[in-house]
Number of protein chains: 2
Amino acid sequence: MAVGLGPLPDFYPVAGLQIGVAKAGIKKPGRRDLVVLALAEGAQVAGVFTRNQFCAAPVLVTRRHLAAAAPRYLLINTGNANAGNGARGMTDAQACCEALAELTGESAQSVLPFSTGVIGEPLPVDRIRAGLPEALANLSDNGWTEAAQGIMTTDTLPKGESRQIELDGKTVTISGISKGAGMIRPNMATMLGFIATDANIDGSVLQSLVSELGEASFNRITIDGDTSTNDCCMLIATGQSQAPAITADSPHLPALREALRDVFMTLAHAIVRDGEGATKFITIRVEQAGSQQEALDVAYTIAHSPLVKTALFASDPNWGRILAAVGRAGVPDLALEAIEIDLGEVPLVRQGGRADGYTEALGKQVMAETEITIRISLGRGPVTETVWTCDLSHDYVTINAEYRT
Amino acid sequence: MAVGLGPLPDFYPVAGLQIGVAKAGIKKPGRRDLVVLALAEGAQVAGVFTRNQFCAAPVLVTRRHLAAAAPRYLLINTGNANAGNGARGMTDAQACCEALAELTGESAQSVLPFSTGVIGEPLPVDRIRAGLPEALANLSDNGWTEAAQGIMTTDTLPKGESRQIELDGKTVTISGISKGAGMIRPNMATMLGFIATDANIDGSVLQSLVSELGEASFNRITIDGDTSTNDCCMLIATGQSQAPAITADSPHLPALREALRDVFMTLAHAIVRDGEGATKFITIRVEQAGSQQEALDVAYTIAHSPLVKTALFASDPNWGRILAAVGRAGVPDLALEAIEIDLGEVPLVRQGGRADGYTEALGKQVMAETEITIRISLGRGPVTETVWTCDLSHDYVTINAEYRT
């Protein structure tokens, strides 16, 4: 059950990018599971990748190809992560790139492969190879909706965002899709996010944008604390908008960054809203921290506490669990007396104990809502950090106990 | 459902220690919820306490009293943790000590208070005060069984261990009880453990024993990663055995340490076996680590992964989740090719991929058992560490979603 997640937007096509989707029967027959993004010449691609040290073969191949050649195709499959497959995983990822290269006359290095799904099962290369002609035949200027569906795993809804802004009187388009649901504590970006714009962006600026915006959005969400082996967030700039080129000192960079940030945030939050078994969308805001690290330590300790997450599922204002989580977050010399905890607008903890005027009824009122903000003030310094997560429900257990069956 | 946890043993009484239990109606009427341990003069007590920085009022008071006077009474209540109650929590814990002191003619400082239960609700001091006469009237040489029941919260079974050894031809008795169930990732000892012996042990040796053995047992278990605010593990030595006094260089220390270690381990494992919603008892053994820290980082990352824990609940050999957890454990420069993962006796991962000869059937066979060992070899150094945990089941969610209702 997705929390406050609406239908897909009407996507604006991005000039210089075509999308084709196929049903390759990779895990199950009859569903969209193979997506090809075809880039016009001159398009630039930058990405951020999982920091899981056992990153999947396609991640390794994508990084290598990105460094070696100008990308022309992104090849995405769901249903199999091609992770934990040893040397064979690399060969298989490579084989998929070569298959697409043969069909398009481009080099295998111009193909960036992405996989999502179960870990440790050999990639069904033959099915992917067999599905490619259908995907190429379907290439269209606006296949975003089909692509959003074609990258889903345990997601209950497809995720996308699209918008246009004016730069110097010229229209710039941004469209993007993402997927998530489980094994989500991206350590750079969620598995997977693809955002494209027709803006003409300097290569180094593009990389700094995806790094900065990925950090502020996808790197601040967590479902279960499990960082996937396959996470990738890719930002594509086709450069075909008539708007002026964007360089590091361009007066238009702030406006473009803002528009991109909105798209990144919407896609990142959509993953939490559709987290496995999620019934609540939780914002954890840590204020007055002495450093970014301690702010994030506190926020993630709360966000990953099974006791806090089950209390949120139960709409139970069991704030002692939040307090205990703050206390075990590993922040040195934390003064209980200085801590403030608010649930929505309701003061929960002051002077090391229950706030004056707090009543169970007030707490229950906030906990009954589907979107809840937990504010913790550490009274130590100037740093604020925000993390987004969801609750831990029976459905999370069911989904992950039955994932492979 | 407790995993392989038998009934309480026949406890040996510990000379110099009496136990009285009462039904004080602290949270619910009609259950044992108040326990008094009365120590003969000359008994020594050492403890290790929660490292949660918001430790509960009774923990602070116990530490203070332990430093100030010779302990004569341990006063334990379940049903209320007296944590997160600010200044009032300290006053209330103190008031309970004074009430027992008045009834016994001892000083309030000779009373060590312990509380377990819900956090953030005022301690019902009047009920505790009213229950004390009944507990004192029940004081008996062998009230261990009632005490094991009297400290339970969400535990489904009481936990205890008792044994006798011969030192220099003289009998030494060790008896102990513990409780746990949830908010269990002790950072020193579980909430709560009480072990008593009639051995005559030098004070500094007693403290080093409880520190060393608490670290090796209670500090290596985790249910949900949530470190309680109230954890305490207390080791009592009444000194009334006829066996020779134990000093740091005593030839009998190793034998006593071994016997104590067995009791600590049994009590710690009992808490995992009775973890909230537990259906499996999991041993995670990390070998060939470069340091204790990286061994524990890997072990706890696996032990806390909701994806690994739900797969264990489902008896699903979804080893990719174990591999992904190792990869995100934060160990620098981890070489996937060097990693070995075994499930029981079954090789799972070799050379970065699925081990030759591994079949789903073999994996399922091991996962179907209720006691499972996961072995990870990092191929980096000489260090081995073991951590014990349980799976994540629907019952864990149910128990913690309904804990206060």
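So, how was this worked out
- All chains use their own residue numbering, which begins from 1 and follows the written sequence.
- Just so you know, chain letters begin at A and ligand numbers begin at 1, following the order they were written in.
- Per-residue local features are limited, in this predicted model, to residues with pLDDT of at least 70; the limit for side-chain atom pairs, both in listing and counting, is 80 or more; totals at the level of whole chains, interfaces and linings are taken over all residues.
- Side-chain numbers come from the whole structure's heavy atoms, not from hydrogens or water.
- Labels follow the DSSP assignment, with helices taken as runs of H or I lasting at least four residues and strands as runs of E lasting at least two, numbered in each case from the N terminus.
- Any pair of residues with heavy atoms lying within 4.5 Å of one another is described as a contacting pair.
- For every residue, the accessible area obtained with a 1.4 Å probe (protein chains only) is divided by the maximum for its type, and the residue is called buried under 20%, exposed over 50%, and partly exposed between those limits.
- Strands qualify as paired when DSSP identifies two bridges or more between them.
- Copy-to-copy superposition: least squares on the C-alpha atoms, limited to residues that have pLDDT of at least 70 in both copies.
- Axes, fitted as lines to C-alpha atoms, cover a helix only where it is in contact. Angles between the N-to-C directions of the axes lie from 0 to 180 degrees.
- Definitions used throughout: a 1 Å grid over protein atoms alone; a cavity as a set of points that fits a 1.4 Å probe which cannot get out; a pocket as an open set with protein on both sides within 12 Å along at least five of seven lines; a lining residue as one with an atom within 4 Å of a point.
- Grid points are joined across faces, edges and corners, and a volume is the space filled by probe spheres set on the points.
- The nonpolar class holds Ala, Val, Leu, Ile, Met, Phe, Trp, Tyr, Cys and Pro. Asp, Glu, Lys and Arg form the charged class, and all remaining residues, Gly among them, are polar.

## Some remarks on the side chain of K159 of chain B
Phase 1 of the analysis: Secondary-structure assignment places K159 of chain B in strand β6 (residues 159–167).
Phase 2 of the analysis: Leave out the neighbours within four places in its chain, and K159 of chain B touches L5, L8, A148, G176, I177, S178, K179, L267, A270, I271 and D274 of chain B.

## Examining the pairing of strand β15 (residues 371–377) of chain A
Residues and elements named next belong to chain A.
Phase 1 of the analysis: Within β15, 5 of the 7 residues are buried, which leaves the element mostly enclosed by the surrounding structure.
Phase 2 of the analysis: Here strand β11 (residues 281–289) pairs with β15 via 7 bridges, running parallel. Bridge assignment links I284 to a residue of β15, and that residue is I374.
Phase 3 of the analysis: Alignment of strand β12 (residues 340–343) against β15, held across 4 bridges, turns out to be antiparallel. Looking at the pairing, E340 lines up with S377 of β15.

## Some words on the relation of the copies chain A and chain B
Phase 1 of the analysis: Taken as rigid bodies, chain A and chain B are interconverted by a rotation of 180 degrees and an axial shift of 0.0 Å, the fit giving an RMSD of 0.0 Å. Both copies of the chain, as the preceding transformation shows, are related through a two-fold rotation axis. It is H394 of chain A whose C-alpha, among those of chain A, lies nearest the rotation axis, at 2.9 Å.
Phase 2 of the analysis: Comparing interface residues between copies, 100% of those in chain A also lie at the interface in chain B; the contact surface is shared.

## Some points on the environment of V111 of chain A
All names here are of chain A.
Phase 1 of the analysis: Its place among the elements puts V111 in strand β5 (residues 111–116).
Phase 2 of the analysis: A C-alpha to C-alpha distance of 6.0 Å links V111 and P71, two positions 40 residues apart in sequence.
Phase 3 of the analysis: Sequence-distant contacts of V111, that is, excluding residues within four places in its chain, are made with H65, Y73, L75, C97, L100 and A101.

## Focus on the sheet that holds strand β1 (residues 17–22) of chain B
All names here are of chain B.
Phase 1 of the analysis: Spatially, 4 strands are ordered β1-β2-β4-β5 in an open sheet, and the strand pairing comes out mixed. The open sheet has two free edges, formed respectively by β1 and β5 (111–116), since each of these has just one partner strand. Each strand of the sheet is rotated relative to its neighbour by a mean of 15 degrees, with strand direction disregarded.
Phase 2 of the analysis: Summarising the sheet, strand β4 (residues 73–78) and β5 pair through 6 bridges and their orientation is parallel.

## Digging into the layout of surface pockets
A water-sized probe, rolled over the atoms, reveals where empty space remains.
Residue and element names in this part refer to chain B.
Phase 1 of the analysis: Considering only enclosed or pocket space, the second largest pocket measures out at about 310 Å³ in volume.
Phase 2 of the analysis: Those elements giving two or more residues to the lining of the second largest pocket turn out to be α1 (57–68) and α2 (86–104).
Phase 3 of the analysis: Looking at the lining of the second largest pocket residue by residue, the class counts come to 10 nonpolar, 10 polar and 2 charged.

These results come straight from atomic positions and should not be treated as a statement about function.
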